[in-house]
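# Coordinates in review
The residues making up each chain are set out below.
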Amino acid sequence: MVLGDTPEVIALCTGGFVLDVAYTPTALRELAKMDGGIVITSDLSRIVRAGVHLMPDPQLETVETGTRHRTADRVSRQTGVPVATVSASMSTIAIFIDGVRRPLETSEQVLSRANQAVQTLERYRERLWQVTGRLSVLEVEDQVTIKDLAVVAQRLEMIRRLQSEIEAYVLELGTDGRLLALQLSELGAGLDELTELLAMDYSPADGVGLDFAALGTLTTSRLLEPGEVARALGFTAHLDNRIGARGYRQLAQINRLPAAYGMRLVEHFGNLQGIFGATTVELQEVEGVGESRARLIREGLTRLAESAYTERLG
């Protein structure tokens, strides 16, 4: 079954029957009883040909051996259109596209692997919050090193890769992947915001942001090395070098404090330590911060410090 009726596909068709009927599963099943291929429009709305003999370029290399599979591979390579093959004897379905043969599995098989991936994602997320909590403690104590940030970035990238794998399962499952998509959305909540806040907190003063996207180019073995992660982010100094947080992420944890005020606080005091050391009176020097909001910020910072202290004791 050729999933596209481009001029390149039609040029390879000989014999068979020219049709123009609406695509339905029943119509496809009946037409598949005939020998030859079936051509469907690229939007899968119409069946345009059935029982055709496809004649791709025989010079195109293929590792397939069966007649149908070899033809499907060559047609896909020559036209760039997806081609599906069905083997009743082997009970298999395969899609050929971009030179790759992808076997299709039952929903039960895909769901089994997807559920394992979701369980792994849950563990990765839990570990991420652990290292993020440790980073918060070190920020309060002004003891953050490049390695500490690299470990958090490493966990974020591992989660991103696992999310991409699960997204492929959701796409393959179609309507059967609805619940899986909801789980993925729930487990991914807040991760983009965390990445953005970390980039704002630790980007160099020269305005060059941390390149979290560059972590996607690292191999798995390199991703497990904090030094490789740090270099990909843009750091050139030793892993044990200290770096200071500006405070965007910590301020975002204070309830009822709009992000705009967090930006003004960082701009006014320079970094997290400056904000922690500010009195209520000094906080009111920031544009838009009155007495009540200054108390709110002061109380929020106190809770963050106490939480960090409790985390350290734990």
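Residues numbered from 1 in each chain as written. Predicted model: local features only at pLDDT ≥ 70, side-chain atom pairs only at ≥ 80, totals over all residues. Heavy atoms only, no water.

The next subject is the overall build of the protein chain. Regarding its fold elements, the protein chain presents 14 helices and 8 strands. By the compact-globule yardstick of 20 Å for 314 residues, the protein chain is too spread out, its C-alpha radius of gyration being 28 Å. On the principal axes, the C-alpha backbone points of the protein chain span a range of 85 × 40 × 35 Å. With 314 residues in all, the protein chain has 40% of them scored as buried. (Helix = DSSP H or I, 4+ residues; strand = E, 2+ residues; numbered from the N terminus. Rg over C-alpha atoms; globule rule 2.2 N^0.38 Å. Buried < 20%, exposed > 50% of the residue type's maximum accessible area, 1.4 Å probe, protein only.)

Below, the discussion takes up the packing of aromatic side chains. A full pass over the atoms with the stated rule returns 0 aromatic pairs. The lysine or arginine in question, Arg264, covers the ring of Tyr261, its NZ or CZ lying 4.9 Å from the ring centre. Taking NZ or CZ as reference, Arg293 lies 4.2 Å from the ring centre of Tyr261, over its face. (Phe/Tyr/Trp six-rings, centres within 6.5 Å; stacked < 30°, edge-to-face > 60°. Lys NZ or Arg CZ within 6 Å of the ring centre and 35° of its normal.)

For the rest of this paragraph, the subject is unusual backbone geometry. Even without glycine at this site, Asp98 takes up a positive phi of about 55°. In this fold, Asp98 is placed in the loop between strand S7 (92–97) and strand S8 (100–104). According to the relative accessible area criterion, Asp98 is exposed, its value standing at 66%. With phi around 65°, Arg256 is a residue other than glycine that occupies positive phi space. Along the chain, Arg256 falls in the loop between helix H10 (248–252) and helix H11 (259–269). Judged by relative accessible area, Arg256 falls into the exposed class, the value being 72%.

What follows covers the pairing of S7. On a regular strand, one side chain projects to one face of the sheet and the next to the other, so that they alternate. Bridge count for strand S6 (residues 83–87) against S7 is 5 bridges, and the pairing is antiparallel. Along S7, the bridge assignment pairs Ala84 with Ile95. Counting the residues between successive antiparallel strands, the hairpin from S6 to S7 contains 4 residues, one of them, Ser91, with a positive phi of roughly 55°. If you look at the hairpin formed by S7 and S8, you'll find 2 residues sitting between the two strands, and Asp98 has a positive phi there, around 55°. (Pairing = 2+ DSSP bridges.)

All right, on to the packing of helix H5 (residues 146–173) against helix H7 (residues 191–202) then. Contact pair H5 / H7: the axes reach a minimum separation of 11 Å and the direction vectors enclose 150°. The angle between the axes of H5 and H7 places the two elements in the roughly antiparallel class. Classified by chirality, the crossing of H7 by H5 is left-handed. Residues Leu149, Val152, Leu156, Ile159 and Gln163 of H5 touch H7, and the partners they reach there are Leu191, Leu194, Thr195, Leu198 and Tyr202. Broken down by class, the residue content of the contact of H5 with H7 amounts to 8 nonpolar, 2 polar and no charged. (Axes fitted to C-alpha atoms, helices over the stretch in contact; angles between N-to-C directions. Parallel < 35°, antiparallel > 145°, perpendicular 65-115°, else oblique. Left-handed = near helix turned anticlockwise from the far one by under 90°. Contact = heavy atoms within 4.5 Å. Nonpolar A, V, L, I, M, F, W, Y, C, P; charged D, E, K, R; others polar.)

Within the largest apolar cluster, 44 residues are counted, with the highest numbers of intra-cluster contacts made by Ile166, Leu198, Tyr202 and Phe212. At the level of secondary structure, the elements contributing two or more residues to this core comprise helix H4 (107–141), H5, helix H6 (178–187), H7 and helix H9 (226–233). Ranked by the residues each element gives to this core, the list is headed by H5, at 13 residues. When residues no more than four places from it in sequence are discounted, the contact partners of Phe212 are Ala153, Leu156, Glu157, Thr195, Leu198, Ala199 and Leu233. (Core = buried A, V, L, I, M, F, W, Y, C linked by side-chain atoms within 4.5 Å.)

So, about the pairing of strand S4 (residues 37–40). On S4, burial covers both faces: Gly37 and Val39 on one face and Ile38 and Ile40 on the other are all buried. Note: strand S1 (residues 2–3) against S4, 2 bridges, orientation parallel. Note that in S4 the partner of Val2 across the bridge is Val39. Judged from the 4 bridges that link them, S4 and strand S5 (residues 46–54) form a sheet pairing that is antiparallel. When the bridges of S5 are listed, Val39 appears paired with Arg49. The turn linking S4 back onto S5 is made up of 5 residues, and Leu44 within it adopts a positive phi angle of 60°.

Moving on, we get to the layout of surface pockets. The space that makes up the largest pocket amounts to roughly 560 Å³. Together, 20 residues line the largest pocket, and Met1, Gly36, Gly37, Arg68 and Ala84 are the ones closest to its centre. For the lining of the largest pocket, the elements supplying multiple residues, two or more each, are helix H2 (25–31), S4, S5, helix H3 (67–79) and S6. Along the lines of polarity and charge, the residues of the lining of the largest pocket split into 12 nonpolar, 6 polar and 2 charged. (1 Å grid on protein atoms, 1.4 Å probe; cavity = no way out; pocket = protein on both sides within 12 Å on 5 of 7 lines; lining within 4 Å. Points joined across faces, edges and corners; volume = space filled by probe spheres on them.)

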